[in-house]
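The residues making up each chain are set out below.
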Amino acid sequence: MPYSVPKNIDPNKIFLVNFSELEGRLDPIYYASNFLHRFTQSHSVKLKDVCVSFSSGFGAGKDEQTDEKNGYIQIRPTNINNNGELVFDKNVFVPLQKTVGFVEKRTVLFNNTNSQELVGKTAILLEERELYTSNHITSIVVDETKANAEYIWIILNVYQRNKIFFSLCTNWNNQSGIGLDLLQSLKIPVPPLHIQQQIVGVYNAALSLRKKKLSVSKAKLASIDQYLLDELGITLPEDSYEKTFIVNYKDVDGGRLDPMYNIDYYNKCEERFTAKHELFTLKELSKSIFQGCGQDLTENESNKLLKVKNIQVGNVINYLDIENIKMIPNSKRLENGDIISPFIGEAIRQIKFSVFNQDGKYVWTVDNNTGVIRINSSKAVSYFIAEVLNSSIGKVQIEKLISGGGVPFLGANNVKNIKIPLPPLTKQQEIADHISAIRAEAKRLEQEGEEILQSARLQVEQIILGEKDIEG
């Protein structure tokens, strides 16, 4: 009688695989996903059967890179977002390569090396651009007489989201990867071309609608700064200044010699703050300003530790990631209405101030890289102050106040000097409520866009698996 796993054991942790089903690998994760085995239709083929070529890019260390003026973007994993779209907000530039060609239009770009969760992120180049790829990217040129390149892009992302590459990849030195041989031999369903084109149409229509909603959302968020400036009667000078300038020693403010602190642009900005309302420093408006404690972690789940990474740049001013947190004992408790922000590290430059507001079930605190501004509610509204700090008014002051040779440092002593144009409490609340409504509407549009895309993904997977026909 064949052995079977007892019913009281979690089948996701312990399961049986017949010896005849082994494919030259003995690692359990490889066999844990049953999603790949559902692709058993007669039109499943190896990826290499519908492709012309597979090639990896080249490595480029810091000493082999250049700048935007003298180089070309090298596509890296950070240029592919979780939706499989190419993004160019964090770019690495490399010089012209005489022996390497640019990426061809309609090339599928597969992220072959990353953390295990991210291996397999895939993009497609749909325009003529002069781009190179790094050695973490495999360029796949599809034979479009056999398969639609955009369909291949979609199916590889379907695999990635369903953790097929998570289960297939090999691991070494804290990195995971899919080798060229494994990628080429990957079985994929390839329905007739007209069905592929319909699938591409369904997915692209959802992407297009999502982009429109995100565009409206982005425009709403972009309007917040100007609304705040108008309400406070402030007009800032143009955001420009000389990279090289001279300051007389007698004019050096506060004994500080760092260039950013002495740029005349910032002084001119502060002069504009008196346009409509009296200025107050954060020290005058706060009960206390302090940094968090050390990181002596505990297993006591009643004490929650918020770190810099938990402060997100979101559509709501108090957007905190409270899912991925640590615990810490005997710490100073946060109070609702506290404004928290990075005080140490590069995250300072993102200018992200969030208002803490949680129920009293746990004791919450922050780490020593994070600062807390406890506002005196009889003088100011926390949400209004946070909005000012996140605005261009706050940015010009924070950029001036940041110190530190290697690691950027803000700290309580610098923060207390930030000046806030302060209307009456009722006006502060009105401004805060109006901005909150804008952020809520922007967030709603983003969520709608994600729901549209998620619905299309589900529809595409069902069509590929033969569980659903093309609609319309």
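Quick note: structure is the one above.
Procedures and definitions
- Chains are numbered independently. Their residues run from 1 in the order of the written sequence.
- Side-chain atom pairs in this predicted model are given and counted only at pLDDT of 80 or more, local residue features only at pLDDT of at least 70, and totals for whole chains, interfaces and linings cover all residues.
- Hydrogens and waters are ignored; side-chain quantities use all the structure's heavy atoms.
- Note on definitions: salt bridges are taken to be side-chain nitrogens of Lys or Arg within 4 Å of carboxyl oxygens of Asp or Glu.
- Strands here mean DSSP runs of E at least two residues long; helices mean DSSP runs of H or I at least four residues long; both are numbered from the N terminus.
- Classification of residues uses two cut-offs on accessible area relative to the type maximum, computed with a 1.4 Å probe and protein chains only: under 20% is buried, over 50% is exposed, and between them is partly exposed.
- Two strands make a pair as long as DSSP finds a minimum of two bridges between them.
- Fitted lines through C-alpha atoms give the axes, limited to the stretch in contact for helices. The angle between two N-to-C directions lies from 0 to 180 degrees.
- Between two residues, a contact is recorded if the distance between any of their heavy atoms is within 4.5 Å.

A. Main features of the pattern of salt bridges. Considering all chains together, one arrives at 14 salt bridges under this definition. Notably, a salt bridge pairs Glu 335 with Arg 374, separated by 3.5 Å at the nearest N-O pair. Here Glu 335, found in the loop between strand S16 (326-327) and strand S17 (339-342), pairs with Arg 374, found in strand S20 (residues 370-375); they are 39 residues apart in sequence, far enough to count as distant. The class of Arg 374 is buried, set by a relative accessible area of 9%. The partner of Arg 444 in a salt bridge is Glu 448, with the nearest N and O atoms 2.2 Å apart. Of this pair, Arg 444 and Glu 448 both sit in helix H12 (residues 425-464), 4 residues apart, roughly one helical turn. In this structure Arg 444 comes out as partly exposed when scored by relative accessible area, which is 35%. One continuous salt-bridge network, built from bridges that share partners, spans Lys 213, Glu 441, Arg 444 and Glu 448.

B. Just helix H9 (residues 382-390), in detail. Extensive coverage of H9 is indicated by the burial of 7 of its 9 residues. Three or more residues of H9 are buried, namely Ser 382, Phe 384, Ile 385, Ala 386, Glu 387, Val 388 and Leu 389.

C. Spatial organisation of unusual backbone geometry. With a phi angle near 70°, Arg 106 is a residue other than glycine that sits in the positive phi range. Note that Arg 106 resides in the loop between strand S4 (93-94) and strand S5 (108-111). Look at Arg 106 and you get partly exposed, because its relative accessible area is 25%.

D. Here's a closer look at the sheet that holds strand S9 (residues 137-142). In spatial order, the strands read S2-S9-S5-S7; together these 4 strands make up an open sheet with antiparallel pairing. Taken across any chain shown, the strands that pair with only one partner, and hence form the sheet edges, are strand S2 (51-56) and strand S7 (122-124). Neighbour to neighbour, the strand axes of the sheet diverge by 20° on average, direction disregarded. Bridging between S5 and S7 involves 3 bridges; their strand directions are antiparallel. Each bridged residue has a counterpart across the sheet, and for Leu 109 the counterpart in S7 is Ala 123. Taken strand by strand, helix H2 (residues 149-161) contacts S5, S7 and S9, and its axis lies near 165° from that of S7.

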